[in-house]
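Coordinate inspection notes
One letter stands for each residue in the lines below.
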Amino acid sequence: MLTQSRLNPQLDAEGKLQHLLSTEGLPLPVITQILDTAESFLEVSDRDVKKVPLLRGKSVFNLFFENSTRTRTTFEIAAKRLSADVINLDVSRSSTAKGETLLDTIDNLCSMHADMFVVRHATSGAPFLIAEHLKRIGRDDIHVVNAGDGRHAHPTQGLLDMYTIRHYKKDFSNLTVAIVGDILHSRVARSDLHALRTLGCGEIRAIAPKTLLPGYLENLGVKVFHDMNEGLKDCDVVIMLRLQNERMNGALLPSAGEYFKRYGLTPEKLALAKPDAIVMHPGPMNRGVEIDSSVADGPQAVILNQVTFGIAVRMAVMGILAGN
Ligand code: CP
């Protein structure tokens, strides 16, 4: 019989979080535990003394093999607020730049008494590979957090997005959430979609040109729209996505200007959603490509709040993984 941990490598045999690799297959009680724990950490963030000793004596290694502003920095802040020692591997100066394999690098960091790896990698599946390797070498005491792998998953972004939605809208069951833009190449969209389904979101919409839609949406019960005016009607939450030009093979769009005309979020298009709809974006934003500045900086945007919530959510994930 397959054990829980073989079916879902991010859970241990008792169904507790061992690694955070994806929102896909993450049980509702685990998601709720992360969001509730994040809420308590947000209160800590408002105090003069922001540190708690939950990860005192633990070493968290940030391994970012791909560029990042928000995720890398907020993981570092989160780990420091939990009193961990944080080591940021400078990938451009590390031995992987000299040809060392990823797993040889991991073995060496294990020998330096690592307790947690936070991994961003351009290759889908790299954090899974590391988690499997740790199991194989008997290092179940070391945890892996996926900080974004290729097109596959960005679970802490998905969870901070869920935290943001719950913060402003409370109950998922009555909500209509639209995800707009380059869904095909977006690990954020995939992580959001799985988490929204698990949390029982009333209606999930995908709005994009045909060339930027993945095939897996049908299986997730997502309603697909190619027209912003139809798709945005009466939405409660609008999640805008960046055009992932670095992941596109060949021309999938006529031009950035044409894309903005059809799929860019302007005040006129936003007016079709509910008057109290919130606008989200994982960043980095391309103003004038997927979102107009007057919307990005407007009263319905909660984009910078997402970043703040991200610290609390990442504290929650690391605290739960460390067993605290
Ligand atoms: N949202 C996000 O992952 O941003 P960064 O690439 O800056 O980490």
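Check the entry above for the structure.
Residues numbered from 1 in each chain as written. Predicted model: local features only at pLDDT ≥ 70, side-chain atom pairs only at ≥ 80, totals over all residues. Heavy atoms only, no water.

Here we come to the pairing of strand S1 (residues 59-64). Summarising burial for S1: six of the six residues are buried, a large majority. Neither face of S1 is left uncovered, since the one carrying Ser-59, Phe-61 and Leu-63 and the one carrying Val-60, Asn-62 and Phe-64 both have all their residues buried. One ladder, built from five bridges, connects S1 with strand S2 (residues 85-89); its direction is parallel. Of the residues in S2, the one forming a bridge with Asn-62 is Asn-88. Tracing the backbone out of S1, into helix H3 (residues 70-81) and back to the parallel element S2 gives a crossover that is right-handed. (Buried < 20%, exposed > 50% of the residue type's maximum accessible area, 1.4 Å probe, protein only. Helix = DSSP H or I, 4+ residues; strand = E, 2+ residues; numbered from the N terminus. Pairing = 2+ DSSP bridges. Right-handed = clockwise from strand over helix to strand, strands pointing away.)

Further remarks concern the site of the ligand. Near the ligand the following residues occur: Ser-68, Thr-69, Arg-70, Thr-71, Arg-120, His-154, Gln-157, Pro-282 and Gly-283. Within the side chain of His-154, a nitrogen or oxygen atom sits 2.9 Å from an oxygen atom of the ligand. One nitrogen or oxygen atom from the side chain of Gln-157 is found 3.1 Å from a nitrogen atom belonging to the ligand. Burial of the ligand by the protein amounts to 92% of the accessible area it has alone, namely 260 Å². Classifying every residue of the shell around the ligand gives one nonpolar, six polar and two charged. Two domains each donate at least three residues to the shell around the ligand, and these are domain 1 (4-154 + 308-321) and domain 2 (155-303). (Near = heavy atom within 4 Å. Polar contact = N/O pair within 3.5 Å; in protein donor to acceptor, adjacent residues only side chain to side chain. Areas by Shrake-Rupley, 256 points an atom, 1.4 Å probe, with all protein chains shown as cover. Nonpolar A, V, L, I, M, F, W, Y, C, P; charged D, E, K, R; others polar. Domains from an automatic or database assignment.)

Another point: the sheet that holds S2. Spatially, four strands are ordered S2-S1-S3-S4 in an open sheet, and the strand pairing comes out parallel. This sheet does not close on itself; its edge strands, each paired only once, are S2 and strand S4 (143-149). Neighbour-to-neighbour, the strand axes of this sheet turn through a mean angle of 15°, independent of strand direction. Bridging between strand S3 (residues 116-121) and S4 involves five bridges; their strand directions are parallel. Bridging from a neighbouring strand, Phe-117 pairs with Val-144 of S4. Contacting S1, S3 and S4, helix H12 (residues 303-321) runs over the sheet at an angle of about 150° to S4. (Axes fitted to C-alpha atoms, helices over the stretch in contact; angles between N-to-C directions. Contact = heavy atoms within 4.5 Å.)

Below, the discussion takes up the state of the cysteines. If you walk through the whole model with that rule in mind, you get zero disulfides. Cys-201 takes part in no disulfide bond, and the closest cysteine sulfur, belonging to Cys-235, lies 9.6 Å away. Relative accessible area serves as the criterion here: at 11%, Cys-201 is assigned to the buried category. (Disulfide = S-S within 2.5 Å.)

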